[in-house]
Amino acid sequence: MSRGPGRPLVDLFRFFEWLGTTSWSIALHESRYVFLLVLMIHVLTVSVFVGTAVMIDLRLLGKTMTHVPVSQVVTRLLPWSEAGFLVMVVSGTLLFYAAPLARYENVFFRLKMAALAMAVMNVWVFRRAVYRRVGEWDLDPVPPRRVRMVGALSLILLAIIITAGRMMAYQDYWFG
Ligand code: HEM
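Predicted, not measured: the structure shown is a model, and the values here were computed from it. (Residues numbered from 1 in each chain as written. Predicted model: local features only at pLDDT ≥ 70, side-chain atom pairs only at ≥ 80, totals over all residues. Heavy atoms only, no water.)

Help me understand the pattern of salt bridges, please; the structure alone is not making it clear to me.
Two side chains that carry opposite charge are able to pair once their charged atoms sit near each other. This structure, assessed with the given rule, holds 3 salt bridges. Note that Glu-82 is salt-bridged to Arg-127, the shortest N-O span being 2.5 Å. In this pair, Glu-82 sits in helix H4 (residues 70-98) while Arg-127 sits in helix H6 (residues 107-130), placing the two residues 45 residues apart along the sequence. We classify Glu-82 as partly exposed; its relative accessible area is 40%. Residue class for Arg-127 comes out partly exposed when judged on its relative accessible area of 41%. (Salt bridge = Lys/Arg side-chain N within 4 Å of Asp/Glu carboxyl O. Helix = DSSP H or I, 4+ residues; strand = E, 2+ residues; numbered from the N terminus. Buried < 20%, exposed > 50% of the residue type's maximum accessible area, 1.4 Å probe, protein only.)

Rendered as structure tokens:
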């Protein structure tokens, strides 16, 4: 069996190889309806997670709802975005578990996970460093540059995550 692009970490490779032989992984992989149901939840929840995140980012960029205080947009939409993110992570982990080695060796899956880690860091920086001073720019139709940069980076990373998620199915076509 080829070990994919570059030489992966042996331990992870063997761990995911073993994980794929566990009975629940095989059951999920071979299930007629459960896998599809999980995939459907994963794809449908993109609309909630990404939909609300994009609206927050566009307000941070001063592109929409410019007459609405930023804190109101964040307070009303962020809980939906966070709930959607949780469902994406749980359903995504199940999709991963159904074929762990194939996912681990998938270049687009790795790109997606890297972009996801950066997106989480971007939200962390926003919460810890930028949003703390929202009182200074809450009513600004176009927020300061550091706020707009968080919004722009979030949009770019979301586009990479979704595209990489879709491209996973084309790994063999591109690198086969
Ligand atoms: C949180 C943000 C996430 C977004 C926006 C996202 C988005 C997507 C999209 C658009 C697809 C393509 C679905 C299709 O057209 O068939 C996909 C597939 C997939 N995602 Fe995610 N995903 C996210 C998180 C995750 C996580 C955290 C994992 C795993 C740990 C994951 C694992 C997968 C897998 C394995 C597939 C391929 C399913 C298949 O076609 O067999 N995703 N994702």
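Can you walk me through the nonpolar core in this structure?
Taken as a class, soluble globular proteins show a tendency for nonpolar side chains to be buried jointly. Counting residues in each nonpolar core, the largest one holds 13 residues, and the members touching the most others are Ile-56, Leu-60, Phe-126, Val-130 and Trp-137. At the level of secondary structure, the elements contributing two or more residues to this core comprise helix H3 (34-60), H4, H6 and helix H7 (145-167). In terms of residue count, H4 provides more of this core than any other element does, 4 residues in total. Apart from residues lying up to four places away in sequence, Val-130 is in contact with Val-125, Trp-137, Val-147 and Val-150. (Core = buried A, V, L, I, M, F, W, Y, C linked by side-chain atoms within 4.5 Å. Contact = heavy atoms within 4.5 Å.)

I tried to follow the coordination of the iron atom of the ligand on my own but got confused; where do I start?
Each angle at a metal carrying four tetrahedral donors should ideally be 109.5 degrees, and each at a metal carrying six octahedral donors should ideally be 90 or 180 degrees. The protein atoms donating to the iron atom of the ligand are His-42 (NE2) and Lys-112 (NZ), with metal-donor distances spanning 1.7 to 2.1 Å. The coordination sphere of the iron atom of the ligand comprises 6 donor atoms, whose angles at the metal cover 83 to 178°; the geometry is octahedral. In this pair, His-42 is assigned in helix H3 and Lys-112 in helix H6, connecting sequence segments 70 residues apart. Summarising the burial analysis for this pair, His-42 and Lys-112 share the class buried. (Donors = N, O, S within 2.8 Å, 3.2 Å for Na, K, Ca; no water. Tetrahedral: all angles 85-135°; square planar, octahedral: opposite > 155°, others 65-115°.)

I tried to follow the site of the ligand on my own but got confused; where do I start?
In the vicinity of the ligand there are 21 residues, among which His-42, Met-88, Arg-103, Lys-112 and Arg-166 approach most closely. Arg-103 places a polar side-chain atom, nitrogen or oxygen, 3.2 Å from an oxygen atom of the ligand. A distance of 2.5 Å separates a nitrogen atom of the ligand from a polar atom in the side chain of Lys-112. Among the elements of the structure, H3, H4, H6 and H7 are those that each provide at least two residues to the shell around the ligand. Residue contributions to the shell around the ligand peak at 6 residues, all from H4. Looking at the shell around the ligand, its residues break down into 14 nonpolar, 4 polar and 3 charged. (Near = heavy atom within 4 Å. Polar contact = N/O pair within 3.5 Å; in protein donor to acceptor, adjacent residues only side chain to side chain. Nonpolar A, V, L, I, M, F, W, Y, C, P; charged D, E, K, R; others polar.)

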